Amino acid sequence: MIRIRRFEEKAAELYSATKIRGFLHLYDGEEAIAVGVMESLTPDDAVVATYREHGHALARGIDAGAIMAEMYGKQEGCSRGRGGSMHLFDDKTRFYGGNAIVGGGLPVAVGLALADRIQGLPRVTCCFFGDGAVAEGEFHESMNLAALWRLPVLFVCENNLYAMGTSLTRSESEIHLTTKAESYAVPALAVDGMDVLAVEQAAQNAAAAIRAGEGPYFLEYRTYRFRAHSMFDAQLYREKAEVEAWKEHGPIVGFTQFLKGQGILDDADVQQLESQVAAEVEGAVAFAEKGTWEPVEDLTRFVYSERGMS
């Protein structure tokens, strides 16, 4: 989790220095979800994420340098520098986005799971999305089809209470999101998304049920983002005191205290970890800085598939 947090802090710094352009949505505060859920997945499983996906990508095993180079727009990036922050992709880890469209990953996940079902492959497709996506038609269509066809999809809703700048209580008449999933006959559970151990346990149980052929599962992880929705967000919709109150029981703070209380970790261990993470992040920046730009003559390449073209 510290690895994700420090990576995001560096990304914010680089964005302010105009090294990173375009949109940037940071994951500070929600790290426990990506870390805990990935522990329930195998390398053969698929992951579909949102535009706030740096944490998912790092936890899935995508190289930090490839992620940073992607945000720089360099060819060495995981999407050849063509996707940027919101469109990370890596076929080696079966990480299928990064999706800039709210709720856009849901039907993609259903399609991947359907393909696995048709081929008889014992895989799980894990789909991350925010509470704002629950208001989209894709959510309802995807939940219905996944339940109807008993598809192996793990639906992971990262409920950070705000869809961009709109509070969940202002946009939804039913704020208990598990109720929406249950209306489609999908088993659902609400979990403390700031507790990495609770996150992992719930994900392990859900993934086991899916692998047993029980169909899709819905997990609502209640969490909070410590930063603005994006780097362009003035955050006029919430008070600073609210943010600070959530930070007091953030995932890194809570897990560090737990490990120290169990005698598993001490201050020296934390410092060593911080040093290792700092070196990795600086290495990722150096890799991105040394990367190469796409040649102008190749800018129209990949607009269409090159396979089968004469």
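The preceding data block contains the structure.
Scope of this entry: the structure provided in the associated data block. (Residues numbered from 1 in each chain as written. Predicted model: local features only at pLDDT ≥ 70, side-chain atom pairs only at ≥ 80, totals over all residues. Heavy atoms only, no water.)

**Let's talk about the side chain of Thr-256**
Basically, it comes down to this: Comment: elements are numbered from the N terminus, with helices defined as DSSP H or I runs of at least four residues and strands as E runs of at least two. Under the rule applied, a polar contact is a pair of N or O atoms within 3.5 Å (in protein, one hydrogen donor and one hydrogen acceptor; residues adjacent in sequence only if both atoms are side-chain atoms). Pairs of residues are marked as contacts when any of their non-hydrogen atoms sit within 4.5 Å.
Looking at the element boundaries, Thr-256 is found in helix H11 (residues 251-261). Among the polar contacts listed, one links the side chain of Thr-256 to the backbone oxygen of Ile-252, at a separation of 2.7 Å. Ignoring any residue separated from it by four or fewer positions in sequence, one finds Thr-256 in contact with Leu-265 and Val-270.

**Here we look at the packing of aromatic side chains**
Here is the rule we go by: Any pair of Phe, Tyr and Trp rings, taking the six-membered ring for Trp, is counted once the centres come within 6.5 Å. Such a pair is stacked with planes under 30 degrees apart, edge-to-face with planes over 60 apart, and tilted for the rest. Categorising residues by exposure relies on relative accessible area from a 1.4 Å probe, with only protein chains included: less than 20% of the type maximum marks a residue as buried, more than 50% marks it as exposed, and the intermediate range marks it as partly exposed.
Per the stated rule, a full pass over the model turns up eleven aromatic pairs. Ring centres of Phe-129 and Phe-139 lie 6.0 Å apart, and the angle between their planes is 55°; this geometry places the pair in the tilted category. In this pair, Phe-129 is assigned in strand S4 (residues 125-130) and Phe-139 in helix H6 (residues 137-148), connecting sequence segments ten residues apart. Given the relative accessible area of 0%, Phe-139 is considered buried. Every member of this aromatic cluster is reached through a ring pair, and the members are Phe-129, Phe-139, Phe-155 and Phe-218.

**Some thoughts on unusual backbone geometry**
Here Gly-97 and Gly-98 are connected by a cis peptide whose omega angle stands at 15°. Along the chain, Gly-98 turns up in the loop between strand S3 (95-96) and helix H5 (105-119). Backbone geometry at Leu-161 places phi at a positive 80°, although glycine is not the residue there. For Leu-161, the position within the fold is in the loop between strand S5 (153-159) and strand S6 (162-163). Backbone geometry at Ala-185 places phi at a positive 65°, although glycine is not the residue there. Tracing the chain through its elements places Ala-185 in the loop between helix H8 (177-182) and strand S8 (188-192).

**Section: the nonpolar core**
Spelled out, the test is: To define a nonpolar core, start from buried Ala, Val, Leu, Ile, Met, Phe, Trp, Tyr and Cys residues and group those joined through side-chain atoms within 4.5 Å.
By size, the foremost hydrophobic cluster in this structure holds 55 residues, and its most contacted members are Ile-20, Val-37, Met-68, Leu-154 and Tyr-221. Sequence-distant contacts of Met-68, defined by excluding residues within four places in its chain, comprise Phe-7, Lys-10, Leu-14, Ile-20, Ala-284, Val-285 and Ala-288. Counting residues in each nonpolar core, the second largest holds 22 residues, with Ala-133, Met-143, Val-153 and Ala-188 among its members.

**So, the packing of helix H4 (residues 64-72) against helix H12 (residues 267-289)**
What counts, and what does not: Working convention: axes come from line fits to C-alpha atoms, limited for helices to the stretch in contact. Angles between N-to-C directions cover 0 to 180 degrees. Small angles under 35 degrees read as roughly parallel and large ones over 145 as roughly antiparallel, with 65 to 115 read as roughly perpendicular and the rest as oblique. Less than a right angle of anticlockwise turn of the near helix away from the far helix marks a crossing as left-handed, whereas a clockwise turn marks it as right-handed. We call Asp, Glu, Lys and Arg charged. Ala, Val, Leu, Ile, Met, Phe, Trp, Tyr, Cys and Pro are nonpolar, and the rest, Gly among them, are polar.
Taken N-terminus to C-terminus, the directions of H4 and H12 make an angle of 45°; their axes are 8 Å apart at the nearest point. Classified by the interaxial angle, the pair formed by H4 and H12 is oblique. Where H4 crosses over H12, the handedness of that crossing is right-handed. Counted together, Ala-64, Gly-65, Ala-66, Met-68, Ala-69 and Tyr-72 of H4 and Glu-280, Ala-284, Val-285, Phe-287, Ala-288 and Glu-289 of H12 form the full contact between these two elements. Among the residues forming the contact of H4 with H12, the class breakdown is nine nonpolar, one polar and two charged.

**A word on the pairing of S8**
How we decide: Any two strands with at least two DSSP-identified bridges between them are counted as paired. Note on handedness: a clockwise path from strand one over the helix to strand two, with the strands aimed away from the viewer, defines a right-handed crossover.
Judged from the five bridges that link them, S8 and strand S9 (residues 217-222) form a sheet pairing that is parallel. Across the sheet, Leu-189 pairs through a bridge with Leu-219, a residue of S9. On the question of chirality, the crossover connecting S8 to the parallel S9 by way of helix H9 (residues 196-211) is right-handed.

**Let's talk about the environment of Ala-209**
With respect to the helices, strands and loops of the structure, Ala-209 is situated in helix H9. Taking the C-alpha atoms as reference, Ala-209 lies 9.2 Å from Pro-152; in sequence the two are 57 residues apart. In this view, Ala-209 contacts Glu-214 and Tyr-217; residues no more than four positions away in its chain are not counted.

**Observations regarding the pattern of salt bridges**
Under the convention used in this document: When a carboxyl oxygen of Asp or Glu lies within 4 Å of a side-chain nitrogen of Lys or Arg, that pair is called a salt bridge.
Applying the stated criterion across every chain, the model contains 17 salt bridges. In this structure, Asp-28 engages Arg-227 in a salt bridge whose closest nitrogen and oxygen atoms are separated by 3.0 Å. In this pair, Asp-28 sits in the loop between helix H1 (2-16) and helix H2 (31-38) while Arg-227 sits in the loop between S9 and helix H10 (240-247), placing the two residues 199 residues apart along the sequence. Classification of Asp-28 by relative accessible area gives buried; the value is 4%. Since its relative accessible area comes to 27%, Arg-227 is described here as partly exposed. Across the salt bridge formed by Lys-92 and Asp-90, the nearest N and O atoms sit 3.0 Å from each other. Classification of Lys-92 by relative accessible area gives exposed; the value is 69%.

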